[in-house]
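Working through the structure, step by step
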Amino acid sequence: MKVFNKARRIKYLGFNDAWFVAVGIILLSFVTDFMFSRNSFARLPFIEATINWSVSLMFATFNWLIIRSILIVLRKKYPSLKDNKIRIPLFFLTIVVTVMAVDFTGNMILGFIFNESYNHPLRSRIILPIILISTMTMAIYEAVYYYVLLKNSIREEEQAKRAIVQSQLDTLRNQAQPHFLFNTLNTLRDIIDQNTREEAKEFVNRLSEVFRFILEAGNANLIELSEELKFAEAYIHIQKERFGDNLQLDWQVPESSKSQLIIPMSLQLLLENAVKHNVVSKTKQLLITVEVQNGQLMVSNKIRPKSTQLPTTKLGLKNIESRYRLIANKEVEINQDNGAFTVKLPLLTATDQKHAYANPDY
């Protein structure tokens, strides 16, 4: 039968109850014998006591297995936590009916064998304690089942939350890539207009290396700082094709920090914003400083706004802030004072992640 299958037992009962059934029935039979036969083994010869106890064992076995089977039927029909209000009262009712039916049937059979009549008033005083004992025993099943349902409910809710957050992260990550592509193509257009064909070809070659990185790291939520630095350096190399020595980078990142984690394309987006919104010329060179301070990657530059400012949606900064908040509940610091613009990105470790979303090894 299906109910005797281990997987089925775990599914409908919440645990493998094979040993629980065997030990429980034996203990229940001894308790029943002690309560209603005044401990047969203490006052009767062994053979007579064994026969007397066997009757208690028979009643305990039938009660347990019938009630257990009904419990499985009820759980198949009313499986969820919200069905408790229906399933539990019905289950208690079946315990009462089963105990009474087993007691009546068993004693009628024993009465027929030993030529004794069924004494309703006497048996009613015995049945009530049996109902209470059976209810307390079966309450263990309900307690385990409730715990399993509650644990599954919490896990499903957590999985749903993770799915939502992961969806948001995917959207943000996919948003960053077209943003980069759009700005890079604008740069390529300017190079084609202002530089030689060979320089444009070199730019395209460098651009292919950058997009190879995007494809490889595109599915990761966090990567090592060393990988992000390689990407950022490749991006700056592309920009230098356009601006030459008018664009300067001061890299102050110690080797000890390069194994820490960072949001992919976050450093590149900050460098891109600095180039996009500031004058880069022979008379006004743009110096961008990238350094590590107090567990943060700090990117700063002097503010030298272009005479004709390009419209901005601040998409890059919003994207970075949202991803840090979702993955690690960390805030990105943005400051604009004393004529300088500074952004501080938290450097993370695997333990900083709120959930197991990121794969640093991608």
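Residues numbered from 1 in each chain as written. Predicted model: local features only at pLDDT ≥ 70, side-chain atom pairs only at ≥ 80, totals over all residues. Heavy atoms only, no water.

Let us now look at the pairing of strand β4 (residues 286-293). Each regular strand displays side chains that alternate between the two surfaces of the sheet. Of the strand pairs in this sheet, strand β2 (residues 247-252) and β4 are connected by six bridges, and their pairing is parallel. Opposite leucine 249, over in β4, you have isoleucine 288 as the bridge partner. Hairpin geometry of β4 and strand β5 (residues 296-302) is characterised by an intervening segment of two residues between the two adjacent antiparallel strands and by a positive phi of about 50° at asparagine 294. (Pairing = 2+ DSSP bridges. Helix = DSSP H or I, 4+ residues; strand = E, 2+ residues; numbered from the N terminus.)

Quick look at helix α8 (residues 225-243) now. Taking 1.5 Å of rise per residue, the 19 residues of α8 would be expected to cover 27 Å, and the 26 Å separating its terminal C-alpha atoms lies within 8% of that figure. The set of residues buried in α8 consists of Leu225, Ser226, Glu228, Leu229, Phe231, Ala232, Tyr235, Ile236, Ile238, Gln239, Glu241 and Phe243. Count one or two residues on from α8 and you reach glycine 244, which has phi positive near 60°. (Expected span 1.5 Å × (residues − 1). Buried < 20%, exposed > 50% of the residue type's maximum accessible area, 1.4 Å probe, protein only.)

In this section: a nonpolar patch on the surface. Taken together, the side chains of Ile26, Phe30, Phe41, Phe46, Ile47 and Ile51 define a hydrophobic patch exposed on the protein surface, amounting to about 630 Å² of accessible area. Counting only elements with at least two residues in the nonpolar patch, the list comes to α2 (18-36) and α4 (46-77). In terms of residues, the nonpolar patch owes the most to one element, α4, which gives three residues. Summarising the element assignment, phenylalanine 46 is placed in helix α4. (Patch = residues over 30% accessible without salt bridge, like charges linked within 9 Å, V, L, I, M, F, W, Y side chains within 5 Å. Areas by Shrake-Rupley, 256 points an atom, 1.4 Å probe, with all protein chains shown as cover. Salt bridge = Lys/Arg side-chain N within 4 Å of Asp/Glu carboxyl O.)

It is worth spelling out the side chain of serine 257 at this point. With respect to the helices and strands, the residue serine 257 is situated in the loop between β2 and β3 (261-262). In this view, serine 257 contacts Leu225, Val292 and Leu347; residues no more than four positions away in its chain are not counted. (Contact = heavy atoms within 4.5 Å.)

Here the focus is the packing of aromatic side chains. Counting across every chain of the model gives six aromatic pairs. Seen in terms of ring centroids, phenylalanine 15 and phenylalanine 20 are 5.8 Å apart; in terms of plane orientation they differ by 65°. Their pairing is edge-to-face. Take phenylalanine 20: its relative accessible area is 22%, and that puts it in the partly exposed class. Ring geometry for phenylalanine 30 against tryptophan 53: centres 5.1 Å apart, planes inclined by 25°, an arrangement best described as stacked. Here the residue phenylalanine 30 occupies a position in helix α2, and tryptophan 53 occupies one in helix α4, the gap between them amounting to 23 residues. Taking the relative accessible area as the measure of exposure, tryptophan 53 reaches 16% and is therefore buried. (Phe/Tyr/Trp six-rings, centres within 6.5 Å; stacked < 30°, edge-to-face > 60°.)

Residues Leu247, Leu271, Ile288, Val290, Leu297 and Leu345 are the most contacted members of the largest nonpolar core, which totals 48 residues. Ranked by residue count, the leading element in this core is α8, at eight residues. Leucine 271 has contacts with Ala232, Tyr235, Ile236, Leu249, Trp251, Ile288, Val290 and Val299, leaving out every residue within four places of it along the chain. Listed in part, the 23 residues of the second largest apolar core include Ile25, Ile67, Ile127 and Ile133. (Core = buried A, V, L, I, M, F, W, Y, C linked by side-chain atoms within 4.5 Å.)

The strand order β2-β4-β5-β7-β6 describes an open sheet built from five strands, whose pairing is mixed. Each edge of the open sheet carries a strand with a single partner, namely β2 and β6 (333-337). Direction aside, neighbouring strands of the sheet carry axes that sit 15° apart on average. Pairing of β6 with strand β7 (residues 340-346) involves five bridges; the strand directions are antiparallel. Opposite isoleucine 334, over in β7, you have valine 343 as the bridge partner. Its contacts with the sheet place α8 against β2 and β5, and it is angled at close to 160° to β2. Where helix α9 (residues 266-277) meets the sheet, its contacts fall on β2, β4, β5 and β7, and the angle it forms with β4 comes to roughly 150°. (Axes fitted to C-alpha atoms, helices over the stretch in contact; angles between N-to-C directions.)

Turning to the pattern of salt bridges, a few remarks are in order. Note on pairing: side chains with opposite charge can pair once their charged atoms come close. Per the counting criterion, the structure on display carries six salt bridges. We note a salt bridge from glutamate 227 to lysine 230, for which the minimum N-O separation is 3.6 Å. Linking glutamate 227 with lysine 230, this pair stays in helix α8, spanning three residues, or about one helical turn. Its relative accessible area of 23% is what places glutamate 227 among the partly exposed residues. The structure contains a network of salt bridges with shared partners spanning Arg75, Arg87 and Glu142.

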